[in-house]
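Tertiary structure, described
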Amino acid sequence: EAGVTQSPTHLIKTRGQQATLRCSPISGHTSVYWYQQALGLGLQFLLWYDEGEERNRGNFPPRFSGRQFPNYSSELNVNALELEDSALYLCASSPRTVWGGNQPQHFGGGTRLSIL
Amino acid sequence: GNSVTQMEGPVTLSEEAFLTINCTYTATGYPSLFWYVQYPGEGLQLLLKATKADDKGSNKGFEATYRKETTSFHLEKGSVQVSDSAVYFCALNNAGNMLTFGGGTRLMVKP
């Protein structure tokens, strides 16, 4: 069974540009989650999508956005990039779950975004 | 709000030594608890989980017991190997399905 796949592995951008990160969940999983792992800040929750809808959002500005496609894959878009957006962005998936559910989340290898 | 506190690393052990990584949490209600492991240059791998009080999660020789009375979920392994060298994250999942992570504990096992 293929795991969560993310692309690209590395992405280099400059300040003010836009970045698009992609994620394909494990087959059969309908929930997709995004996390940011920045140096010194640890792992922080960004977004949760299920059945094409945004279900929850972490404490990030609106320039962090995303969407989920009918095949349950997902994109994370970061607009107006700032230096502090440099981080490893991790995508995770789980079977369909409700608010307060306890399904474990399975992670991909991440996209390392570097802002010059 | 929710929070997870882990012992700071790095933890350096010799091969076959006993491992304990402490994890305590603060949360409302009844969260699910997880341990994840991150090897260099990789994403997170789910190591084990527990969904209710007194549950014991176990995998690959690692164990952790959900202790509600002490709000703890300490990770243990009886005999570590060099291949266990990695960063270990304790996490909880409460309302909203957002995992709240501890700061991570780096484990270094020497031959």
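Residues numbered from 1 in each chain as written. Chains lettered and ligands numbered in written order. Predicted model: local features only at pLDDT ≥ 70, side-chain atom pairs only at ≥ 80, totals over all residues. Heavy atoms only, no water.

1. Description of the packing of aromatic side chains
Residues and elements named next belong to chain A. Summed over the entire model, instances satisfying the criterion amount to twelve aromatic pairs over all chains. With 5.7 Å between their ring centres and 70° between their planes, Tyr35 and Phe45 make a pair best called edge-to-face. Of the two residues, Tyr35 sits in strand E4 (residues 31–38) while Phe45 sits in strand E5 (residues 42–50), which places them ten residues apart along the sequence. For Tyr35, a relative accessible area of 0% gives the class buried. A relative accessible area of 5% places Phe45 in the buried class. (Phe/Tyr/Trp six-rings, centres within 6.5 Å; stacked < 30°, edge-to-face > 60°. Helix = DSSP H or I, 4+ residues; strand = E, 2+ residues; numbered from the N terminus. Buried < 20%, exposed > 50% of the residue type's maximum accessible area, 1.4 Å probe, protein only.)

2. Re the nonpolar core
Generally speaking, nonpolar side chains in soluble globular proteins are found buried as a group. Core analysis: the largest hydrophobic core is formed by 25 residues, its most contacted members being B:Leu19, B:Trp35, B:Leu48, B:Phe73, B:Leu75 and B:Tyr88. Listing elements by their share of this core, those giving two or more residues are strand E2 (11–14), strand E3 (19–21), strand E4 (23–26), strand E5 (32–38), strand E6 (44–50), strand E8 (62–65), strand E10 (86–93) and strand E12 (105–110) of chain B. Looking at which element gives the most residues to this core, the answer is E10(B), with four residues. In this structure, B:Phe73 is in contact with B:Cys23, B:Leu33, B:Phe34, B:Trp35, B:Leu48, B:Lys49, B:Ala50, B:Ala64, B:Thr65, B:Tyr66 and B:Cys90, ignoring residues within four places of it in sequence. A:Val32, A:Leu46, A:Phe60 and A:Tyr89 belong to the second largest nonpolar core, which has 22 residues in total. (Core = buried A, V, L, I, M, F, W, Y, C linked by side-chain atoms within 4.5 Å. Contact = heavy atoms within 4.5 Å.)

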